[in-house]
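# Overview (structure and organization)
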Amino acid sequence: MKWLQTTDPDFEQAFRLLLDDARETTARVDATVAGVIAEVRQRGDAALVELTTRFDRWTPRDAAALRVSMAEIDAAAAAITAEQRSALQLAAGRIEAFHGAQMPRDLEMTDTAGVTTGLRWGPLDAVGIYVPGGKAAYPSSVLMNALPARVAGVSRIAMCVPTPDGILNPLVLAAARLAGVSEVWRIGGAQAVAAMAWGTASLSSVDRIVGPGNAYVAEAKRQVFGRVGIDSIAGPSEVVILADGSNDPRHVALDLLAQAEHDEVAQSILVTDDAGFGQRVAAAVEAELALLPRAAIAGASWHAHGAIVVVADWAEAVTLTNRLAPEHLQIMVEAPRRLMQQIRHAGAAFLGRHCPEALGDYVAGPNHVLPTGRTARFASGLSVFDFLKRTTWVDADAAALAAIGPAAVTLARAEGLEAHALSVEARLKSGAVHS
């Protein structure tokens, strides 16, 4: 764990190293992924069966066995506990309500020239969602990826989830059913992304692929972009916590570890104006690590990538936070909203002492698929807008053409595009006769 203080003479150099902490995998997987994609494109279902056998340690009898039947989904949904079902329903309802409130309205306006212009929103036809199935199973990811698509009006939602040793997680299937997923496939890795992008005889292609995955999934999404849309190239998860000395050190320690237990290369950073509080949090982290089931993962993350930054005041904290542009931001001070107004770059913010980021992972309502690796400087979290597209339209009669057309002719000829100019000019001339 790194300890930084803004009063240290070498602080800027140390903070730059923190900013440049390369937590993404350094392994070159692009050639391997390209080979997998080529296999799926060339041999379709046969390649999916072979790759699943190789990577997920079970052998489908044929391509049809890769699709999870409705009977299996129904059985899984029935097998979860009443408490789990209630929790999923609560989360789904809140996620659906928040994303429903985001739905935009169409636009139409007529200007003084008599030209009517508009903007129409419409859903994508089909989307694919990738749900991780390696180190842990994430029913929450199913809800966060599928529900915005359903709210947007997407008619087909195909879900791919790896099933190591052929084992399906009942909660993941129950979440898929609750979220309105159209079809579920036992396919993981780059081969799942390739199948959703290019299609096979069994699995039809989609228009956009969303959802997190390992380095192979991320690279596959990068390589199929253009053939289909993608949400982002997600990196390791991260949190920045701004907390003053009046907080409970154990609460803050648990918030830091909640992020660290995701992955060995996740990053948890505390920014505080109280060095003594920072030391108490550091001690609390070590105490809690001894009790966590995922202590090896969380400990590796905290010791290699964690940090405590001591600032002179909250103005410094704001400046540093905007440079970090974190995926998750917790603000645990007296007036969190006032401080939040100064934050320009963060994927999602959680305000107050009783609002841990873990609440947002499951039941708060806003999406937990967020920009990582400082990309919050220019990117946003998943929303209904990822599953909608805009179509603009123009309606102009002869009078409207006469009002603005001559300027179009002038600009077209200035650009050397004579057919463009004539396309408008011919109508201007015929309009003078026929209007």
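Overview of the structure. None of the values given here were measured: they were computed from a predicted structure. (Residues numbered from 1 in each chain as written. Predicted model: local features only at pLDDT ≥ 70, side-chain atom pairs only at ≥ 80, totals over all residues. Heavy atoms only, no water.)

### Some details on the packing of aromatic side chains
All told, the structure shown has two aromatic pairs when counted by the stated rule. Taking 5.6 Å as the distance between ring centres and 25 degrees as the angle between the ring planes, the aromatic pair formed by Phe-11 and Phe-15 counts as stacked. Placement of both Phe-11 and Phe-15 in helix α1 (residues 11–19) is noted, with a separation of four residues, approximately one turn of the helix. Note on Phe-11: relative accessible area 8%, which makes it buried. With a relative accessible area of 0%, Phe-15 lands in the buried category. Relative to Phe-385, the ring of Trp-121 has its centre 5.6 Å away and its plane inclined at 65 degrees; by these criteria the two rings are edge-to-face. You can see Trp-121 sitting in strand β3 (residues 116–123) and its partner Phe-385 sitting in the loop between α15 (357–362) and β14 (388–395), a full 264 residues away along the chain. A cation over a ring is seen here: Arg-41 above Trp-198, with NZ or CZ 3.5 Å from the ring centre. (Phe/Tyr/Trp six-rings, centres within 6.5 Å; stacked < 30°, edge-to-face > 60°. Helix = DSSP H or I, 4+ residues; strand = E, 2+ residues; numbered from the N terminus. Buried < 20%, exposed > 50% of the residue type's maximum accessible area, 1.4 Å probe, protein only. Lys NZ or Arg CZ within 6 Å of the ring centre and 35° of its normal.)

### A few points about the pairing of strand β5 (residues 156–160)
Burial within β5 is extensive, with five of its five residues counted as buried. Examined bridge by bridge, strand β4 (residues 126–130) and β5 share five bridges and lie parallel to one another. From the neighbouring strand, Gly-128 faces β5, where its bridge partner is Ala-158. Pairing analysis gives three bridges linking β5 to strand β6 (residues 183–185), with the strands arranged parallel. The partner of Ala-158 across the bridge, within β6, is Glu-183. Taken together, β5, helix α7 (residues 170–179) and β6 constitute a β-α-β crossover, and its handedness is right-handed. (Pairing = 2+ DSSP bridges. Right-handed = clockwise from strand over helix to strand, strands pointing away.)

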